[in-house]
Amino acid sequence: MSKHISGKKELKKTKKASSGARIPKPLVFFLGFLLIAMGIFGVMYNPSNSIGETLPWEISKAGTLSFPPRDEPVFTVQEIEDLYSPEDPDILKLVSFESRGEKVQALLRVPANSSSSAGIVLLPGAGVSKEGEQGLAAELSKMGYVTLALDQRNQGAVNIKRDLELFRAGLEPVEYLMVYDTLKAADVLSVQPEINPERLAILGESNGGRFAIIACALDPSLKGVIGISTSGYGIEEGDPAGIADSEAYRFSRSIDPDTYLSALPPSRLVLIHSFNDTVISHELALRTFDLAKEPKAMYNVTEKTHGYTASMRSDLEKELELLLN
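Thresholds, definitions, all that
- Residues numbered from 1 in each chain as written.
- Predicted model: local features only at pLDDT ≥ 70, side-chain atom pairs only at ≥ 80, totals over all residues.
- Heavy atoms only, no water.
- 1 Å grid on protein atoms, 1.4 Å probe; cavity = no way out; pocket = protein on both sides within 12 Å on 5 of 7 lines; lining within 4 Å.
- Points joined across faces, edges and corners; volume = space filled by probe spheres on them.
- Helix = DSSP H or I, 4+ residues; strand = E, 2+ residues; numbered from the N terminus.
- Nonpolar A, V, L, I, M, F, W, Y, C, P; charged D, E, K, R; others polar.
- Buried < 20%, exposed > 50% of the residue type's maximum accessible area, 1.4 Å probe, protein only.
- Pairing = 2+ DSSP bridges.
- Core = buried A, V, L, I, M, F, W, Y, C linked by side-chain atoms within 4.5 Å.
- Contact = heavy atoms within 4.5 Å.
- Patch = residues over 30% accessible without salt bridge, like charges linked within 9 Å, V, L, I, M, F, W, Y side chains within 5 Å.
- Areas by Shrake-Rupley, 256 points an atom, 1.4 Å probe, with all protein chains shown as cover.
- Salt bridge = Lys/Arg side-chain N within 4 Å of Asp/Glu carboxyl O.
- Right-handed = clockwise from strand over helix to strand, strands pointing away.
- Axes fitted to C-alpha atoms, helices over the stretch in contact; angles between N-to-C directions.

(A) Here's a closer look at empty space enclosed by the protein. With the rule as written, the count across this model stands at one cavity of 30 Å³ or more. Here the largest cavity is characterised by a volume of approximately 60 Å³. Lining the largest cavity, in full, are Leu65, Glu175, Tyr176, Val179, Asn207, Arg210, Phe211, Ile214, Tyr233, Ser254 and Ile255. For the lining of the largest cavity, the secondary structure elements donating two or more residues are helix 5 (174–190) and helix 6 (207–218). Looking at the lining of the largest cavity, the element that brings in the most residues is helix 6, giving four residues. Classifying every residue of the lining of the largest cavity by side-chain character gives seven nonpolar, two polar and two charged.

Next comes the structure, spelled out in C-alpha cells:
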C-alpha cells in the first residue's frame, strides 16, 4: 500500500508538464485512486498472495485434501427418453448441477416404483461418458438402486503435470475440482424424492474409482465405496527423493487414494479386480487393499479385461446388500 501512496506523491511533484501546462487536480486524485485500487485488486486476485487469502480447498502438511462445508445443492432435473436401456421400465432423468462455477451434467436412473431407495453415485473410467456408464447403471437398477452417473471433467482423464503447475501457482488443480464435483453429486442425489439419504454409497470404475475413494473418505455420510478395476498410486511407498521437491511430493500424496485409506472407516472399502486386468495390474489393487483398514473386502475375476464384467455381478450385489440394506 505504501508503494501506491508514494507514487501519488510523485504525481503531485510533476504536475507541470514540459510545456508548462498543469494537470488538473481532479485528474491527479483520480490517477492516484486508480493506482491504489489496482494494487488492492492485485492483492485480492493474485492466487499466490499470502495475505490471509481464503481458498476453496486446503491441503494439510501431510498432503490430505479438505474442503469447507458445502452449500445446499443447486440443480435442475428433466425426465428424458431412455435410449440406453429402453427395455427396462426405469425412469431416466438429466440432472444439471452447479459445482465450482461449472455446470456438471449427470444421468439419474430410477427403478420403476422406487421409493426411499438406496442411491449410488457412479463415476465412469477415463474417457467414458455418463451415457457410456448406463450399462452398469441398468444392472444396478435391476438390483433396486438409484444411480447418478456423472460426466466428469475431461471425461475422467487427468493431467498430473498440469495440475502440479496449478498447485504451485495457488490455483485449484482439476483433480481437486473432480473430487468436489463428486461430493456435490452426492449432495444432489441425497435430496432426490426417490432416495433415502441415509443409504448412499459411491462406485467408481478405473480412474473414477480413485476419485470415489477420496470422496468417500471426505464425506462420512457415505456408507462405503466400491472400486472396480482401480488402485491407488502408491506414492507413500515410493521414494520421496525421486519426486522433484517437497511441494510436488505433497501434491502427489493429495491425489493418491492410498493417502485417504485410513480416513475411510467406518465406511467400507470394496475392490473388485481381474487377475488379468489389461490396464491396472492386480498387484497395484492388492497393495491398496492391504493398506486399507477394516471394514473391507476384495473380490477377483479372471477375464483379460478392464472394468465391470458380468462375472462381477454376484459379488457386487452381495456387497451392496451389506452396504445399503
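(B) Expanded view of the pairing of strand 6 (residues 117–123). Counting buried residues along strand 6, seven of its seven residues qualify, which places the element largely inside the surrounding structure. Pairing of strand 6 with strand 8 (residues 195–205) involves six bridges; the strand directions are parallel. Bridge pairing links glycine 119 to leucine 200 in strand 8. Pairing between strand 6 and strand 7 (residues 146–150): four bridges, direction parallel. Looking at strand 7, one finds that isoleucine 120 is bridged to threonine 147.

(C) Quick peek at the nonpolar core. Membership of the largest hydrophobic core comes to 50 residues, with the highest contact counts inside it found for Leu148 and Ile202. Considering each element in turn, this core owes the most residues, nine residues, to helix 5. With sequence-adjacent residues up to four places away left out, isoleucine 202 is seen in contact with Ile120, Val121, Leu123, Thr182, Ala212, Ala215, Cys216, Leu222, Gly224, Val225 and Ile226. Judged by nonpolar contacts, the second largest core, of 23 residues, contains Tyr145, Ile272, Met312 and Leu320.

(D) Up close: the layout of surface pockets. Within this model, the largest pocket holds a volume of roughly 150 Å³. If you go around the largest pocket, the residues you meet are Pro68, Pro69, Arg70, Asp71, Glu72, Pro73, Val74, Glu98, Ser99, Arg100, Tyr180 and Lys184. For the lining of the largest pocket, the secondary structure elements donating two or more residues are strand 4 (91–99) and helix 5. Taken together, the residues of the lining of the largest pocket break down into five nonpolar, one polar and six charged.

(E) View of a nonpolar patch on the surface. A contiguous nonpolar surface patch, about 210 Å² in accessible area, is contributed by Phe75, Val77 and Val191. Looking at the secondary structure, you find valine 77 in strand 3 (residues 75–80). Residue classification places valine 77 among the partly exposed residues on the basis of a relative accessible area of 36%.

(F) Region of interest: the pairing of strand 11 (residues 296–301). Judged by how many residues are buried, strand 11 sits mostly within the fold: five of six residues are covered. Where strand 10 (residues 268–274) lies against strand 11, six bridges are found, and the strand directions are parallel. Each bridged residue has a counterpart across the sheet, and for valine 270 the counterpart in strand 11 is alanine 297. Remark: the strand 10/helix 8 (residues 282–291)/strand 11 crossover connection has right-handed handedness.

(G) Broad picture of the side chain of serine 231. In this fold, serine 231 is placed in the loop between strand 9 (224–228) and helix 7 (246–254). Contacts of serine 231, omitting those with residues within four sequence positions, involve Arg210, Pro257, Ile280, Leu284, Ala285 and Thr288.

(H) Local environment of the sheet that holds strand 10. Here we have nine strands laid out as an open sheet, ordered 3-4-5-7-6-8-9-10-11, and mixed in their pairing. The sheet terminates laterally at strand 3 and strand 11, the two strands that pair on one side only. Taking each pair of neighbouring strands and ignoring which way they run, the sheet shows an average axis angle of 20°. Bridge analysis of strand 8 against strand 9 gives four bridges, and the strand direction is parallel.

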